[in-house]
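The residues making up each chain are set out below.
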Amino acid sequence: MKQGLKQRYITSAFILLAATVIVKIISAVYKIPLTNYIGATGRGYFTVAYNLCLPMHAITMGAFPIAVSKLVSRYEAKGDRLKIKALRKASKKLFFIVGIIGMAIMFAVSKPYADLISASPKSIYTILALLPSLFFCCLCACHRSFAEGFLDMKATAISQLIEAFFKMVFGLLLARLSMSYLYDIYIQFGTVMGKAVGSEEEALSAIYPLTSACAMLGVTLGSIAAYAFAGIYTNIKYNSILPKERADVKSAYSELLTFSAGLVGATVVQSISNFIDTASIQYCLSQCDGTALAVQYSASETDIYTYVLGIFAVALDFKNLIPAIVMALGVTAVPAVSTAFESGKDRFSLLLTSIFKYTVILSVCGGVLIALFYEDMLKLFYSGSNEDIVMNAGRLLFVFAVTSLPCAAASTSVYCAQALGYAKQTVLPFCVSAVVRVLLNFLLIQNVEINIMGSAISNFVGFSIILIWNMVIIRKKTNAKFDLTEIFIKPVVCAVLSYFVTSAIKHSIEMSISDMLVFVIGVMICLLSLVTLLILMNCISLREIKSIK
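Structural notes, computed from the coordinates. Model, not experiment: these values are computed from the prediction. (Residues numbered from 1 in each chain as written. Predicted model: local features only at pLDDT ≥ 70, side-chain atom pairs only at ≥ 80, totals over all residues. Heavy atoms only, no water.)

## Quick word on unusual backbone geometry
Look at Leu 151: it is not a glycine, yet its phi comes out positive at around 60 degrees. Positionally, Leu 151 belongs in the loop between helix H3 (124-148) and helix H4 (154-189). The class of Leu 151 is buried, set by a relative accessible area of 10%. In this structure, Asn 451 is a non-glycine residue whose phi angle is positive, near 35 degrees. (Helix = DSSP H or I, 4+ residues; strand = E, 2+ residues; numbered from the N terminus. Buried < 20%, exposed > 50% of the residue type's maximum accessible area, 1.4 Å probe, protein only.)

This is the structure:
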């Protein structure tokens, strides 16, 4: 072999991981000034729109891409490129149909969701602005997953970067222009979109949903640009290697649908469970006493529920960095795990242990950094414009950080189980997890003293169930041997030690130097101590790192 499967996996994962980190940096650059323009209330409208879109997005970006990637990798291993050509044509048709259906469903439920579940009727504008992106993301996923079947992550990585860049540039531009225009009209005429308003607070309440919708158009433009690149890339790179003979597209389409059936069922359950979870968070929050929430958050009672959702969204911006980065390992695992399973139990077990080990290492590294510097991060980005966000989001962000491990690692366990053909077996864990999360949401969030903080606790418990259950499924079905000490115990011990070492040094120097210098030095000490501990405990293999080319 030119390069071992494990090394190919690490190299591909590194490419996608690097791109994901850059995408998240771009997203931070985008969301932070965006929040400065539209405030926590405007971010609340974003959250409502994304929560509605995520279930359909998960199906189109989860089930069908996994099926395409898996089948392409299977037939590439067999050397049957005529079948790969057929799968490519069949997948284009399938993703087009799914994109249209998904967009239609989202349109049909948008107003009932905004009015009845989220208690935020004005979020309808943001939802409608997001609608077309679902269709173009679906078309883009068709090309990405085809390339991923060859363990080629460049199409996915670069298209993600393009999407993030377009979203940032046009999202911020449209948000700024719309905010300036609508606010100037209010100053001059005392109206917003032709309707008279009596105060600045009332004017901003009318402007924020419109500005949020304009900013959301940047997301749609980004998805169009990403689709265009992914299509051009795969056409240029792979058209020449596919045979000229006529392919049996009909049989490939049937095979794709058959293989996708279990994945779709599992992903639908997964999406519904996540939807119910987010919907229950919003519903339970709306049942809290609005006056008490306004006092607790030192905020206006007008749109208080949307405001708290905005605080929740800001905390998620930082917390979601961890699972988003870790997901690169899960996506890359699909073709690698599938191939390794055919090669022998020992090789398969070693690869699985490596995948889960590096998933946990990345998860605890992100969790430690956020737990140590959550307040510094919030101050860095929001102290100049939205001091209320710094004050209100800190405690929630810390709890998210210390409970992030299962939330990040669960996706890898699901990807691995589905890649091995056990999609149906992943349904029950999601159902149980959803029930537990919803029960905990109703128990905790409706307590006005806990409110949105309860979501962090329910997520920790729910995703722990998914992670453990799926690892048990893989163990029982494949007889793979997991080294739990290597996967969990060593990385967690290293993270805990690094946290206390960095915390002690941070407290000893913070009174004598500037906050920014404390932050920079603290991050360097944390990373250095964590990497040193991981190497000393043989968690990180220098040979594996050198294999990245």
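## Overview of the environment of Val 368
Tracing the sequence through the fold places Val 368 in helix H10 (residues 345-382). As for Val 368 and Ala 417, which are separated by 49 residues in sequence, their C-alpha atoms are 28 Å apart. For Val 368, the contacting residues outside a window of four places in its chain are Ala 495, Tyr 499 and Cys 526. (Contact = heavy atoms within 4.5 Å.)

## Structural notes on the environment of Ile 540
Examined against the element boundaries, Ile 540 turns out to sit in the loop between helix H16 (515-536) and helix H17 (542-546). Here Ile 540 falls in the buried class, since its relative accessible area comes to 16%. Taking the C-alpha atoms as reference, Ile 540 lies 8.4 Å from Tyr 358; in sequence the two are 182 residues apart.

## Focus on a nonpolar patch on the surface
On the surface, Phe 165, Val 169, Phe 170, Leu 173, Leu 177, Leu 221 and Ile 224 cluster together to form a nonpolar patch covering roughly 560 Å² of accessible area. Counting only elements with at least two residues in the nonpolar patch, the list comes to H4 and helix H5 (200-238). In terms of residues, the nonpolar patch owes the most to one element, H4, which gives five residues. (Patch = residues over 30% accessible without salt bridge, like charges linked within 9 Å, V, L, I, M, F, W, Y side chains within 5 Å. Areas by Shrake-Rupley, 256 points an atom, 1.4 Å probe, with all protein chains shown as cover. Salt bridge = Lys/Arg side-chain N within 4 Å of Asp/Glu carboxyl O.)

## Describing the pattern of salt bridges
The final tally for this structure, using the stated rule, is nine salt bridges. In this structure, the salt-bridge partner of Glu 76 is Arg 81, at a minimum N-O distance of 3.0 Å. We classify Glu 76 as partly exposed; its relative accessible area is 25%. Assessed through its relative accessible area of 29%, Arg 81 is described here as partly exposed. Linking Glu 375 and Lys 379 is a salt bridge whose minimum nitrogen-to-oxygen distance equals 3.5 Å. With Glu 375 and Lys 379 both in helix H10 and four residues apart, this pair spans about one turn of that helix. Here Lys 379 falls in the partly exposed class, since its relative accessible area comes to 37%.

## Considering H4
Along an α-helix, residues three or four apart share an orientation, since each turn contains 3.6 residues. Between the first and last C-alpha of H4 there are 52 Å, a value that for 36 residues agrees with the 52 Å anticipated at 1.5 Å per step. Backbone geometry just after H4 places Gly 190 at a positive phi near 70 degrees. (Expected span 1.5 Å × (residues − 1).)

## Details of the packing of helix H13 (residues 427-444) against helix H14 (residues 454-478)
Between H13 and H14, the least distance of the axes is 8 Å, while the angle of their chain directions is 165 degrees. Judged by the angle between their axes, H13 and H14 are roughly antiparallel. For the element pair H13 and H14, the recorded crossing hand is right-handed. In terms of residue class, the contact of H13 with H14 is built from 14 nonpolar, eight polar and one charged. (Axes fitted to C-alpha atoms, helices over the stretch in contact; angles between N-to-C directions. Parallel < 35°, antiparallel > 145°, perpendicular 65-115°, else oblique. Left-handed = near helix turned anticlockwise from the far one by under 90°. Nonpolar A, V, L, I, M, F, W, Y, C, P; charged D, E, K, R; others polar.)

## Quick look at the packing of aromatic side chains
In this structure the tally under the stated criterion is 17 aromatic pairs. Centroid distance Phe 150 to Tyr 238: 4.7 Å. Interplanar angle 20 degrees. Geometry classified as stacked. Of this pair, Phe 150 sits in the loop between H3 and H4 while Tyr 238 sits in helix H5; the two residues are 88 residues apart in sequence, bridging distant segments of the chain. Per residue, the accessibility class of Phe 150 equals that of Tyr 238, and both read buried. Geometrically, the ring pair formed by Phe 373 and Phe 519 is edge-to-face, given 5.6 Å between the ring centres and 85 degrees between the ring planes. In this pair, Phe 373 sits in helix H10 while Phe 519 sits in helix H16, placing the two residues 146 residues apart along the sequence. Pair check on accessibility: Phe 373 and Phe 519 agree, each one buried. The ring centre of Phe 146 lies 5.0 Å from the NZ or CZ of Arg 88, which sits over that ring. (Phe/Tyr/Trp six-rings, centres within 6.5 Å; stacked < 30°, edge-to-face > 60°. Lys NZ or Arg CZ within 6 Å of the ring centre and 35° of its normal.)

Take it as geometry only, folks, not as evidence of what the structure does.
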